[in-house]
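Remarks on the overall topology
Each chain, letter by letter, is given below.
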Amino acid sequence: MSNIESVLNETRVFNPSADFVKQANISGMDRYRALCKAAEQDYAGYWANQAREHILWHTPFTKTLDESKAPFYKWFEDGELNVSYNCLDRHLATQPEKTAIIFEADDGKVTKINYRDLHARVCQFANGLKSRGIKKGDRVVIYMPMSIEAVVAMQACARIGAIHSVVFGGFSAQSLHERIVDAQACAVITADAQMRGGKVMPLKTVVDEALAMGGCDIVKSVIVYQRAKSDVAWNAQHDVWWHELVAEQAPTCEPEWVGAEHPLFILYTSGSTGKPKGVQHSSGGYLLGTMLTMRWVFDYKPTDIFWCTADVGWVTGHSYVAYGPLAVGGTEVVFEGIPTWPDAGRFWKMIQDHRVTTFYTAPTAIRSLIKLGGELPKQYDLSSLRLLGSVGEPINPEAWMWYYTVVGKERCPIVDTWWQTETGCHMIAPLPGAMPLKPGSCTLPLPGIIAATVNEAGDDVSDQHGGFLVIKRPFPSQIRTIWGDPERYKKSYFPDEMRGAYLAGDSASRDKDGYFWIMGRVDDVLKVSGHRLGTMEIESALVANPLVAEAAVVGRPHDIKGEAIVAFVVLKGSRPADAAKAKELAETLRNWVGKTIGPIAKPDEIRFGDNLPKTRSGKIMRRLLRAIAQGLEITQDVSTLENPAILEQLKEVIK
Ligand code: WTA
């Protein structure tokens, strides 16, 4: 709470400059309000108009929104389209020579590809997929480095109506295995390795390990893009090189026309249980969301050079790398490496070299770049920038101000975009030519997005009080279901108390101007360096270790990462006898979690106790653990605690 209180004391307001307003796609608050009003007056009609204006339909839709099976909403259901056609073919007649992707590899090598060639590459690869028997509705797991090929793989799946499920390249074999099995994927697309910060990191070996874990008989093809020329084991039964697969394929491929509700992709994300949820998105509604927000929030112009730094393994890399920028016909930068290599000036150098106009990154990256080289942006020519964006976690006003003054030279509006894997595209974000900005606030909902803050009973809370963030009406880009688990979808996002509203899982408060200030998750989901991780997933990983009897994981505020992971562990044997032993065990368990889920999930700190603080009914008191993890005085009532003596033990920090 203290965090949000301090944020709410933020009084600085930054109005868009007259120059920006003049050229903006949506200029001025009156235009914004008019759009909101249009949506209010005829909700379905408003969305139908947007969908007709932005998407090229193969068969026009006649029905806009079907709410009869709520919360399983259907949008534009009888319309037919192809997402890849909308991203590529539609630009072939008008701008075949325009650069679609500027790819910069880890080592700085730059490759550019125009729309004509990208279209041909996607078609060839789509034909390659078909030659392996992959067809509409099949699931394909993509485990790739950031590359032109990753985008090609996603677009090719969309082209043939196969449903991709991208797994972030930093996830372990076990996480990959879990996702392959849950999605029942018939193919995996990967690379021999990826390059990050000068290091070669194997991918194919991880796929091999995942497949060896069993239950993957359905996987008939492993397609391997040769990135690093590193040695890989080969299983002739299902392995095939990317370059050999496409060698003889034709550069055209008739798109598979699919219904608007046909699933475009599944993307696994963390929730409140140990099992990740396969968030399922549609084709029509999702595409519309990415296109609208490219124009509204990123104020997209044909002359822009757009750069979203997110990995395609996360939703941001789906909506604002693989789909949105191409659907509007833009030129985008795709980057393989990391922001701090060879030094913390890499982002700024790339903005200078590629004349980037629109730069979209995460607060955690901004904070680490401030720390490693707050003065570095001054050494580069950043005059091409016209708009900056932030996503993934709340941006603290200090980081916002640095971004605004040092990177944007007070010329560039900052769009702080609130959204989620489940929403598919921005929900609450500034229209940069309209809204006055307040550092730390994602400002106002987009036109047609009916966001609100409510209490436990689902009633609206008044301004300046915290509440649950909800979206009251269905919207086109939203999650359709959890893959294979419709009940969990209903329970997680549409609990009865919310009376039909979509429950986001965040708390927020609104100020007197109606601006939203996001306070963070209200469930057991952490945001660590912008990555979404479930505390339960980390706990399950810990207790799967033969040494561990019980574990509880909580988050603790962290200057750079947003949140750090703190684990409280009870061993099957006795507590470590001394600090050296504790340290050694903590390291073993950290690596164990790294191996089980992926390095991003390694706890920052592990503490050992003979027990965990529990109520008499056996519930772990996480609130207490959060206080202990932060080194705070315990002010909560501990009278319901079964074993108060345990608190002293858990306060001990291993040095
Ligand atoms: C958080 C990322 C504050 C929030 C696109 C949400 C934010 C979760 C913001 C979704 C923002 C995202 N300000 N918090 N601008 N953007 N979040 O699914 O807690 O990885 O629920 O999607 O990130 O994370 P996800």
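Above this note sits the structure.
Rules used throughout
Residues numbered from 1 in each chain as written. Predicted model: local features only at pLDDT ≥ 70, side-chain atom pairs only at ≥ 80, totals over all residues. Heavy atoms only, no water. Core = buried A, V, L, I, M, F, W, Y, C linked by side-chain atoms within 4.5 Å. Buried < 20%, exposed > 50% of the residue type's maximum accessible area, 1.4 Å probe, protein only. Helix = DSSP H or I, 4+ residues; strand = E, 2+ residues; numbered from the N terminus. Contact = heavy atoms within 4.5 Å. Axes fitted to C-alpha atoms, helices over the stretch in contact; angles between N-to-C directions. Parallel < 35°, antiparallel > 145°, perpendicular 65-115°, else oblique. Left-handed = near helix turned anticlockwise from the far one by under 90°. Phe/Tyr/Trp six-rings, centres within 6.5 Å; stacked < 30°, edge-to-face > 60°. Lys NZ or Arg CZ within 6 Å of the ring centre and 35° of its normal. Salt bridge = Lys/Arg side-chain N within 4 Å of Asp/Glu carboxyl O. Polar contact = N/O pair within 3.5 Å; in protein donor to acceptor, adjacent residues only side chain to side chain. Pairing = 2+ DSSP bridges. Near = heavy atom within 4 Å. Areas by Shrake-Rupley, 256 points an atom, 1.4 Å probe, with all protein chains shown as cover. Nonpolar A, V, L, I, M, F, W, Y, C, P; charged D, E, K, R; others polar. Expected span 1.5 Å × (residues − 1). Right-handed = clockwise from strand over helix to strand, strands pointing away.

Bringing the nonpolar core into the picture now. If you look at the biggest cluster of nonpolar residues, it comprises 166 residues, and the most contacted ones within it are Leu118, Phe125, Ile189, Trp242 and Val569. Counting residues per element, this core draws most heavily on helix H7 (residues 148-160), at 10 residues. Ignoring anything within four residues of it in the chain, the contact list for leucine 118 reads Leu88, Ala100, Ile101, Ile113, Ile148, Val152 and Leu326. In this structure, Phe359, Leu382, Ile395 and Trp402 belong to the second largest nonpolar core, which totals 33 residues.

A few words now on the packing of helix H6 (residues 115-131) against H7. Taken N-terminus to C-terminus, the directions of H6 and H7 make an angle of 60°; their axes are 8 Å apart at the nearest point. On the basis of the axis angle, H6 is oblique to H7. As for the relative orientation of H6 and H7, their crossing is right-handed in sense. Side by side, H6 and H7 meet where Leu118, His119, Arg121, Val122, Cys123, Phe125, Ala126, Leu129 and Lys130 of the first sit next to Ile148, Glu149, Val152, Ala153, Gln155, Ala156, Cys157, Arg159 and Ile160 of the second.

A few words now on the packing of aromatic side chains. Scanning all chains against the criterion turns up 40 aromatic pairs. For the pair tryptophan 307 and phenylalanine 347, a centre-to-centre distance of 5.1 Å together with 80° between the ring planes defines the contact as edge-to-face. Within this pair, whereas tryptophan 307 is found in strand S16 (residues 305-308), its partner phenylalanine 347 is found in helix H13 (residues 346-354), the two being separated by 40 residues in sequence. Of the two residues, tryptophan 307 and phenylalanine 347, neither departs from the other in class, the shared state being buried. Aromatic ring contacts, followed pair by pair, group Tyr43, Tyr46, Trp47, Trp57, Phe61, Trp75 and Phe76 into a single cluster. A cation over a ring is seen here: lysine 438 above tyrosine 515, with NZ or CZ 4.4 Å from the ring centre. A cation sits over an aromatic face here: arginine 473 above tyrosine 43, 4.6 Å from the ring centre.

Counted by the stated rule, this structure contains 38 salt bridges. Taking the shortest distance from any N to any O, the salt bridge between arginine 480 and glutamate 261 comes out at 2.8 Å. Of this pair, arginine 480 sits in the loop between strand S22 (466-471) and strand S23 (481-482) while glutamate 261 sits in the loop between strand S13 (258-259) and strand S14 (265-269), and the two are 219 residues apart along the sequence. Note on accessibility: arginine 480 and glutamate 261 belong to one class, buried. The network of salt bridges with common partners includes Asp299, Lys301, Asp304 and Arg386.

As a further point, take helix H8 (residues 173-183). Among the residues making up H8, those that are buried are Ala173, Ser175, Leu176, His177, Arg179, Ile180 and Ala183. Where H8 is buried, its residues contact strand S6 (139-143), strand S8 (187-191), helix H9 (204-211), S14 and helix H18 (579-596). A positive backbone phi angle near 50° is found at glutamine 184, which sits one or two residues after H8.

Let us now look at the side chain of arginine 367. Mapped onto the secondary structure, arginine 367 falls in helix H14 (residues 363-373). Of the residues examined, arginine 367 reaches a relative accessible area of 9% and is grouped as buried. From its side chain, arginine 367 meets the backbone oxygen of isoleucine 560 in a polar contact 3.0 Å long.

Of note, the bond from alanine 70 into proline 71 is cis; its omega dihedral lies within 30 degrees of zero at 5°. Mapped onto the elements, proline 71 comes out in the loop between strand S1 (65-66) and strand S2 (74-75). The peptide bond linking tryptophan 341 to proline 342 adopts the cis configuration, its omega dihedral lying at 0°. Among the secondary structure elements, proline 342 is positioned in the loop between strand S17 (331-335) and H13. For arginine 355, which is not a glycine, the phi torsion comes out positive at approximately 55°. Here arginine 355 lies in the loop between H13 and strand S18 (358-361). With a phi angle near 50°, serine 529 is a residue other than glycine that sits in the positive phi range.

By the bridge criterion, 5 bridges tie strand S4 (residues 99-104) to strand S5 (residues 110-114) in an arrangement that is antiparallel. The residue of S5 that forms the bridge with threonine 99 is asparagine 114. Connecting S4 to the next strand, S5, in antiparallel fashion are 5 residues, including glycine 108 with a positive phi near 95°.

What follows covers the sheet that holds strand S29 (residues 562-571). Reading across the sheet, the 3 strands line up as S28-S29-S30 and stay open at both edges, with mixed pairing between neighbours. Two strands lie at the open edges of the sheet, namely strand S28 (548-558) and strand S30 (605-608), each paired on one side alone. Neighbouring strand axes in the sheet, compared pairwise and without regard to direction, differ in orientation by 25° on average. Bridge analysis of S28 against S29 gives 10 bridges, and the strand direction is antiparallel. Residue pairing across strands places histidine 558 opposite glycine 562, the latter belonging to S29. Strand contacts of helix H17 (residues 535-543): S28 and S29, with the helix running at about 145° to S28, the strand carrying the most contacts. Sitting on the sheet, helix H19 (residues 622-629) is in contact with S28, S29 and S30, with an inclination near 60° to S28.

Moving on: the site of the ligand. As a structural note, the neighbourhood of the ligand is formed by 17 residues, with Asp416, Thr421, Asp506, Arg521 and Arg532 the closest of them. At 2.5 Å from an oxygen atom of the ligand is found a side-chain nitrogen or oxygen belonging to threonine 421. With respect to the ligand, the side chain of lysine 527 contributes an N or O atom lying 2.8 Å from an oxygen atom. Protein contacts shield 96% of the accessible area of the ligand, which totals 530 Å² for the unbound molecule. Sorting the residues of the shell around the ligand by element identifies helix H12 (315-327), strand S20 (414-417) and strand S25 (516-521) as the ones contributing at least two each. Of the residues contributing to the shell around the ligand, the split by class is 6 nonpolar, 5 polar and 6 charged.

End to end, helix H11 (residues 284-296) covers 18 Å across 13 residues, agreeing with the expected 18 Å (1.5 Å per residue, within 8%). Along H11, 12 of the 13 residues are buried, which leaves the element largely enclosed by surrounding structure. Among all positions of H11, only Gly284, Gly285, Tyr286, Leu287, Leu288, Gly289, Thr290, Met291, Leu292, Thr293, Met294 and Trp296 are buried.

A word on the pairing of S16. Residues of S16 alternate between two faces, with Ile305 and Trp307 on one and Phe306 and Cys308 on the opposite face, all of them buried. In terms of strand pairing, S16 meets S17 through 3 bridges, oriented parallel. Each bridged residue has a counterpart across the sheet, and for isoleucine 305 the counterpart in S17 is threonine 331. Read as a crossover between parallel neighbours, the route from S16 over H12 to S17 is right-handed.

Its relative accessible area of 7% is what places arginine 480 among the buried residues. When the C-alpha atoms of arginine 480 and histidine 91 are compared, they prove to be 29 Å apart, with 389 residues separating the residues in sequence. Of note is the side chain of arginine 480, whose polar atom sits 2.5 Å from the backbone oxygen of glutamine 478.

Looking now at the sheet that holds S18. With respect to topology, 7 strands assemble into an open sheet ordered S5-S4-S17-S16-S18-S19-S20, the strand pairing being mixed. Looking at strand neighbours, the two that pair on one side only are S5 and S20, the edges of this open sheet. Each strand of the sheet is rotated relative to its neighbour by a mean of 20°, with strand direction disregarded. Along the sheet, H6 contacts S4 and S5; its crossing angle with S5, the most-contacted strand, is approximately 85°.

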